Amino acid sequence: MTIDKGNILSIIKGRRSIRAYKDTPIPHELIEKILETGQWAPSPSNVQSWRFIVVKEPAGLRTLKDLSPGFPRKAAAAIVVCSNTREMEPFDAVLAAEEAAMAVENMMLMAYSLGLGTCPVVSFSRAGISALLEIPDHILPIILVALGSPDERPAPPSRKPLLQVTSWEKYNGQ
Ligand SMILES: Cc1cc2nc3c(=O)[nH]c(=O)nc-3n(C[C@H](O)[C@H](O)[C@H](O)COP(=O)(O)O)c2cc1C
């Protein structure tokens, strides 16, 4: 198997958090492709506690946006990434967020490679989203992903120099 490393790097570096979207609906098949990459993320003991709820019907999506101050108003869909806390119970609770984050990054990279924009959102009312989507108590919403056809090309926000965030062998940073 050959791996196109150059392409992976350009996809990783090219993805941006998109907050401006066109009024274009996203085909169901593309959303399924994106979800599939979430499912192929690493998972602690392969527990796969993640649950994905896609919201794209206008009424539900509007209310979801009202409950999520950080959510881009014009995004065409939301993927609500949750964890089944019963499945996560044998593990440290922090693993639910770590697992979800890995699934989210996979999905955002896949969306970008399909020409779509995404934005991860953590500022939302957990109780409000749970009530809206009829999520039972043992399913914990962790992060929302806004999805849509991008209407902006933001400049890449700067990254700290690699040397500032990296140590070799022993910690020697700030
Ligand atoms: C865990 C997490 C939560 C975030 N929450 C929000 C959010 O609520 N609203 C938002 O507009 N962006 C949010 N972002 C996006 C960041 O602002 C963005 O990733 C960062 O500025 C770097 O920009 P880039 O994603 O274009 O590289 C979040 C990112 C992460 C990783």
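Everything below is about the structure printed above this text.
Scoring rules and cut-offs
Residues numbered from 1 in each chain as written. Predicted model: local features only at pLDDT ≥ 70, side-chain atom pairs only at ≥ 80, totals over all residues. Heavy atoms only, no water. Near = heavy atom within 4 Å. Polar contact = N/O pair within 3.5 Å; in protein donor to acceptor, adjacent residues only side chain to side chain. Areas by Shrake-Rupley, 256 points an atom, 1.4 Å probe, with all protein chains shown as cover. Nonpolar A, V, L, I, M, F, W, Y, C, P; charged D, E, K, R; others polar. Buried < 20%, exposed > 50% of the residue type's maximum accessible area, 1.4 Å probe, protein only. Helix = DSSP H or I, 4+ residues; strand = E, 2+ residues; numbered from the N terminus. Pairing = 2+ DSSP bridges. Arc of directions from axis to C-beta. Contact = heavy atoms within 4.5 Å. Disulfide = S-S within 2.5 Å.

## Some remarks on the site of the ligand
Working step 1: Close to the ligand lie Arg15, Arg16, Ser17, Arg19, Gly70, Cys119, Pro120, Val121, Val122, Ser123, Pro157 and Arg159.
Working step 2: At 3.3 Å, a side-chain N or O of Ser123 approaches an oxygen atom of the ligand.
Working step 3: With respect to the ligand, the side chain of Arg159 contributes an N or O atom lying 2.9 Å from an oxygen atom.
Working step 4: Computed on the free molecule, the ligand has an accessible area of 620 Å², of which 62% lies beneath the protein chains in the complex.
Working step 5: Here the residues of the shell around the ligand are counted per class, giving five nonpolar, three polar and four charged.

## Side note on the pairing of strand β4 (residues 139-148)
Looking down a regular strand, the side chains alternate between one sheet face and the other.
Working step 1: Burial of β4 is extensive: nine of the 10 residues sit out of reach of the surface.
Working step 2: Relative to β4, strand β2 (residues 77-84) is paired through eight bridges, and the arrangement is antiparallel. The residue of β4 that forms the bridge with Ser83 is Leu140.
Working step 3: Of the pairings in the sheet, the one linking strand β3 (residues 117-121) to β4 comprises five bridges and is antiparallel in character. Note that in β4 the partner of Gly117 across the bridge is Gly148.

## So, helix α3 (residues 58-66)
Working step 1: Listed in full, the buried residues belonging to α3 are Leu61, Leu64 and Lys65. Each buried residue of α3 sits inside an arc of 100 degrees when the element is viewed along its axis, so together they form one side.
Working step 2: Of the surrounding secondary structure, the elements contacted by the buried residues of α3 are β1 (50-55), β2, α6 (126-132) and β4.

## Things to note about the state of the cysteines
Working step 1: Throughout the structure, instances matching the rule amount to zero disulfides.
Working step 2: Considering cysteine sulfurs only, Cys119 is the nearest to Cys82, which forms no disulfide, with 18 Å between them.
Working step 3: In this structure Cys119 comes out as buried when scored by relative accessible area, which is 3%.

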